[in-house]
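Fold and geometry: a report
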Amino acid sequence: MNDSSFKDLQKSINGFDWLQNEYDENILNLISENYTVAENVAKILSKKKIPFGQIPDFLNPKIKNLLPDPSVLKDMESATELISKLIIKKRKIGIFGDFDVDGITSTSIICLFFEQIKNPFEFYIPDRIREGYGPNIEAFKELQEKNCELIITVDCGITSNDVIQKAKDLNITTIIIDHHAQFSTLPDAKYIINPNQSDDKSGLNNLAAVGVVFLFLISLKRKLKKKNFFNNVNEPNLIELLDLVALGTVCDQVKQDLINRSIIKSGLKLINSKMRMGIRFLVKKKNDNEKLDEYHLGFIIGPKINAAGRIGDSNIGVKLLTSNNLSSVNFYSEKLSKYNHERKRIERNLTSLAFEKVNSKSNIICLSGENWHQGIIGIVASRISQKFFRPVIIISENDKICKGSCRSIGGFNIGKLIKEAKDKEIIISGGGHEMAAGLSIEKKKIPLFLKFLDNFPFENKNEVMLKYFDVELNIININSELYKQLKDIAPYGPGNPKPIFLIKNCYIKNVRHLGNQHIVCQISNVTGSSVNAIIFKAFDTNIGSYISKYYGESVGVICYLRNNNWAGKDNVEIEIIDIVTQSTKRIWE
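Every chain is numbered on its own, with residues counted from 1 as its sequence reads. Predicted model: local features are reported for residues with pLDDT of at least 70 only, side-chain atom pairs are reported and counted for 80 or more only, and whole-chain, interface and lining totals are derived from all residues. Note: side-chain values were computed over all heavy atoms of the structure, leaving out hydrogens and water.

Turning to the environment of G302, a few remarks are in order. Positionally, G302 belongs in helix α13 (residues 294-311). C-alpha separation for the pair G302 and V283, spaced 19 residues apart in sequence, amounts to 9.8 Å. Contact definition: two residues touch when any of their heavy atoms are within 4.5 Å. Those residues in contact with G302 that sit more than four places away from it in its chain are V101, L247, C251 and L297. Numbered from the N terminus, helices here are DSSP runs of H or I no shorter than four residues, and strands are runs of E no shorter than two.

Attention shifts here to the pairing of strand β14 (residues 501-514). Should DSSP find at least two bridges between two strands, the strands are regarded as paired. Sheet topology places strand β13 (residues 471-472) next to β14; two bridges connect them, and they run parallel. Within the sheet, the bridge partner assigned to V471 lies in β14 and is F501. Direction of pairing for β14 relative to strand β17 (residues 555-566): antiparallel, over a ladder of four bridges. Pairing of I503 across the sheet is with V557, part of β17. As paired strands, β14 and strand β15 (residues 518-524) are joined by six bridges and run antiparallel to one another. Counterpart to L514 in the pairing with β15 is H518. The antiparallel pairing of β14 with β15 creates a hairpin that spans three residues between the two strands, and G515 there sits at a positive phi of about 65°.

Among the residues of helix α17 (residues 414-423), I414, G415, L417, I418 and A421 are the ones counted as buried. For α17, the angular spread of buried residues about the axis comes to 160°, placing them on one side. Looking at the buried positions of α17, the neighbouring elements they touch are β8 (392-397), β9 (401-407), β10 (429-432), β11 (436-442) and α18 (446-455). Here a polar contact is taken to be a pair of N or O atoms separated by no more than 3.5 Å, where protein atoms must pair a possible hydrogen donor with a possible acceptor and residues adjacent in sequence count only if both atoms sit in side chains. Capping of α17 at its N-terminal end is provided by N413; its side-chain oxygen lies 3.0 Å from the backbone amide nitrogen of G415. Backbone geometry just downstream of α17 places E425 in the positive-phi region, at approximately 60°. Each residue is placed in one exposure class: buried if its accessible area under a 1.4 Å probe, protein chains only, is under 20% of its type's maximum, exposed if it is over 50%, and partly exposed if it falls in between. Read the arc as the range of directions from the helix axis to the C-beta atoms.

Given below as structure tokens:
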């Protein structure tokens, strides 16, 4: 076992203790002997605890080898049999989707499929502020009035027991396609396709909703093919939907198991070879040589689509992603960009208000404010969670019913907390998964909820300030070849985090501001070697404050490697995420 620490290391600027991730020398040697990968890649792979036989699929995940048979999901066969019969009769089908990227992409791929087979449909994305999360009976009635014979809910519905029952009372047939955790009882829908319902045995718990919907379309196409439907109708190529499946999967931050890795890699390959018009207008590539990766999906495209659901017209995302009309796509993309700029303005103001209320000693931070924007509180919860490394719940207070948004940290299941609060009737409704959730609560019950949070067990609270880096690097070894080697283990995300590096005994120089949020500088060592660096959103952070007062001491830099494509040229630099200081009485091993 390798040495896993520098023993007298001080806490970092952000308050963390950084240790080196342990790896097994035997596993490292096996990887090096059997696979053509660089030494640093082999070290990182050896720490991921991937079963040795799965390493080829991890490095080169092919969707044709990894995608499961859809029939393993409970109710899949019955649901697609019913819908295939309706399609053959040309019956109109309604789609009710959530307003986040997972819901938008889930809705979009069903719409595109129905368009290709020329089956009538209607879609409905609720207004976040006016209607809130999940199905509502008025929306169902509207779809029914438009002659929808059946309604499919996507990325929502599993906790909407009351609404589904009201729909049944009105003779509205519903099928739920979701991936969120259920409450103690399931809704009384006709069929429920959800790998996270208690009696599903598929083991596909990590799929985003759009991944479940993709399997649903595979099953539906199979049913239609058996009924000879495609004798007179062009058969859709479902592979062409993988760009949207990848987008929803990345943006919903689900665990990157082998199936999700194959979805994301295949989707990115499609995007970079045949980019959908709506995606092309949103991303605005710097040049033709720039390749899109999971960063572009999660941090450039996703936020713009989400902005419509947060502060604008929730339907625009679906309209953009399903349109091939140049003027329409241009119009929708401009609207999304404007929404996103407005979202950023509201976010800055609300973040400032929320930070003033933070009690950093709380295990679970819960803040509330009068009429805080319901579409923005989730982003602000993320900002606070990232700064204090705590689960965060932010509630927008109204006269009676208040809405809350929750974000968590690794190792703390916020969805489980919300489920327990619902089971104890502290909140009216809510749902989510390990890293994010939402809730509705009566204003008078907020004090009771705060007490519930104070008493909720946080078993690993003493470990949350312990973090790990993967490999120690020397500045002279940071180059394009190393960056290219690391792309072998991309895409990165939950379950496959981006490799973290330590550069020891270095100095910060040439500091300057970039825009009104970021800091750029150079990191150099005693021999004069240097590398360009950036700290994103550094203003009003611990790192930003430290650098503004930096007086030349030797530091350890905790960082990612990144590629900065500028004017058509690739330049490998580092993204600083933390800094470890060293006093004259403490030396690193």
